[in-house]
Amino acid sequence: MSLVGALPSHVPPFDGFTVEMAEHLLPEHARFELHGGRIVVMSPARVWHTEAQRRIANLLIRQGRIGRIEVGLAIAPGETRVLDVAAFVDEPDEDSAYFQPGEIELAVEVVSPSSRDDDYIDKPALYARLGIAEFWRADRDGSGTVHVAQFRLDPDRRVYVPAGVVPLDELDG
């Protein structure tokens, strides 16, 4: 028997976990991402964060877009991210949790204190490299006002260019 075959089922293979493996190991509805085959369990979001998600998804729906909350983005077998909100190109498969970048036209991140650097630097760079046409970042200022910074993809350079910053109350008004 090989060393891998002798490992207990909860020990990851040498190349890391896949979505299917993680889904079988974790409780149903657990929030997680895969980073290089490692499972990163995500804590529940604060109330203002989920309220911003809901408002943005509803705004997208009112605009005639296909907006959804907590959308899994499949990047590679051991690499996933969970978008706070996404707009789909076409109606998504209701039984799927993870989608290819080409199925997403807008990625939205609501900034969390624990993921500020990811939300400002790493995730926008990743989504641009993946070719997602738009990126919005919602963040709360010191007075509690949520502002939405909007970006459009420069397809030649695969980077986002600023398109404006608007208070969520104005977008949602």
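Predicted model only: the values in this text are computed from it and were never measured.

A. The arrangement of the overall build of the chain in detail. What the chain contains, in helices and strands, is five helices and nine strands. For the chain, the N- to C-terminal ordering of α and β elements is α-α-β-β-α-β-β-β-β-α-β-β-β-α. What you see for the chain is a C-alpha radius of gyration of 17 Å, in line with the 16 Å of a compact globule of 173 residues. Viewed in the frame of its principal axes, the chain has a C-alpha envelope of about 65 × 35 × 30 Å. Taken across its 173 residues, the chain has 42% of its residues classed as buried. Carbon and sulfur atoms make up 54% of the accessible area of the chain, which totals about 9700 Å². Of the charged side chains in the chain, 17 are positive and 29 negative; the average position of the first set lies 6 Å away from that of the second.

B. Region of interest: the pattern of salt bridges. Under the defined criterion, the tally for this structure stands at 13 salt bridges. One salt bridge connects Arg 65 with Glu 134, and the closest N-O pair in it is separated by 2.5 Å. Taken together, the residues span a long stretch of sequence, with Arg 65 in the loop between helix 3 (47-62) and strand 3 (66-76) and Glu 134 in strand 7 (residues 134-140) at a distance of 69 residues. By relative accessible area, which is 12% here, Glu 134 ends up buried. Across the salt bridge formed by Lys 123 and Glu 109, the nearest N and O atoms sit 3.5 Å from each other. Of this pair, Lys 123 sits in helix 4 (residues 116-129) while Glu 109 sits in strand 6 (residues 104-110), placing them 14 residues apart in sequence. Exposure remark for Glu 109: the relative accessible area of 1% places this residue in the buried category.

C. Here's a closer look at the side chain of Arg 137. Looking at the element boundaries, Arg 137 is found in strand 7. Those residues in contact with Arg 137, other than ones at most four positions away along the chain, are Glu 109, Val 111, Asp 119, Tyr 120, Pro 124, His 147, Val 148, Ala 149 and Phe 151.

D. Structural context of the sheet that holds strand 7. Taken in spatial order, the seven strands line up as 5-3-4-6-7-8-9 in an open sheet, and their pairing is mixed. Taken across any chain shown, the strands that pair with only one partner, and hence form the sheet edges, are strand 5 (98-99) and strand 9 (159-167). For strand 6 and strand 7, the ladder comprises five bridges, and the chain directions are parallel. If you follow Ala 107 over to strand 7, its bridge partner there is Phe 135.

About the thresholds
- Residues numbered from 1 in each chain as written.
- Predicted model: local features only at pLDDT ≥ 70, side-chain atom pairs only at ≥ 80, totals over all residues.
- Heavy atoms only, no water.
- Helix = DSSP H or I, 4+ residues; strand = E, 2+ residues; numbered from the N terminus.
- Rg over C-alpha atoms; globule rule 2.2 N^0.38 Å.
- Buried < 20%, exposed > 50% of the residue type's maximum accessible area, 1.4 Å probe, protein only.
- Areas by Shrake-Rupley, 256 points an atom, 1.4 Å probe, with all protein chains shown as cover.
- Lys, Arg positive; Asp, Glu negative; His and termini not counted.
- Charge placed at Lys NZ, Arg CZ, Asp CG, Glu CD.
- Salt bridge = Lys/Arg side-chain N within 4 Å of Asp/Glu carboxyl O.
- Contact = heavy atoms within 4.5 Å.
- Pairing = 2+ DSSP bridges.

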